[in-house]
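# Examining the three-dimensional arrangement
So you can see what is in the structure, the chains are spelled out below.
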Amino acid sequence: MRLRVDELNTFGEQLGRALRAPAIIGFSGDLGAGKTTLVQAICRGLGAAVPATSPTYALVHRYDSPAGSVYHVDCYRLQSSKEARDLGLDEILSQRAILLIEWPEKAGHMMPPLDRYFFLTHDTDPDFRLLEDR
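The structure contained in this document is the topic of the report that follows. These numbers were taken from a predicted model, which means no experiment stands behind them. (Residues numbered from 1 in each chain as written. Predicted model: local features only at pLDDT ≥ 70, side-chain atom pairs only at ≥ 80, totals over all residues. Heavy atoms only, no water.)

Bringing the sheet that holds strand β4 (residues 68-74) into the picture now. Strand order in the open sheet formed by seven strands is β1-β7-β6-β2-β5-β4-β3, and the pairing between neighbours is mixed. One side of each edge strand has no neighbouring strand; the edge strands of this open sheet are β1 (2-4) and β3 (60-65). Sheet twist, expressed as the mean angle between neighbouring strand axes with direction ignored, is 25°. Across three bridges, the pairing between β1 and strand β7 (residues 128-133) is antiparallel. Following the sheet pairing, L3 is matched in β7 by R129. Here helix α1 (residues 5-18) sits on the sheet in contact with β1, β2 (23-29), β6 (116-122) and β7, set at roughly 100° to β1. (Pairing = 2+ DSSP bridges. Helix = DSSP H or I, 4+ residues; strand = E, 2+ residues; numbered from the N terminus. Axes fitted to C-alpha atoms, helices over the stretch in contact; angles between N-to-C directions. Contact = heavy atoms within 4.5 Å.)

Printed below as a string of structure tokens:
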């Protein structure tokens, strides 16, 4: 679907309000297309206690919400699936949390099965994004 950035935020907030743990959602696509923006909106919809930030360097951020723990993982910098072991995905999954993962393909075989997978790309109009729910 083709969405303006404000519509992407609305979509994410609505998705967040509907999410129930456990849930694993993946986000891939163009750099700068809105993966983190969408994750931030989902966290707002979940009622996260603090605003979500990009975990590009820390790789994993945890947020408390009325729906339970929310983990935002960014696998972009992973060089191999072996590095994904250090993310602690097994421990996160044992908590029956909501797991929001950017670039899940970078974790290879270490990535658990996704419940939903979104792919974001730039549109020819810079005010819009293309969002595929795969």
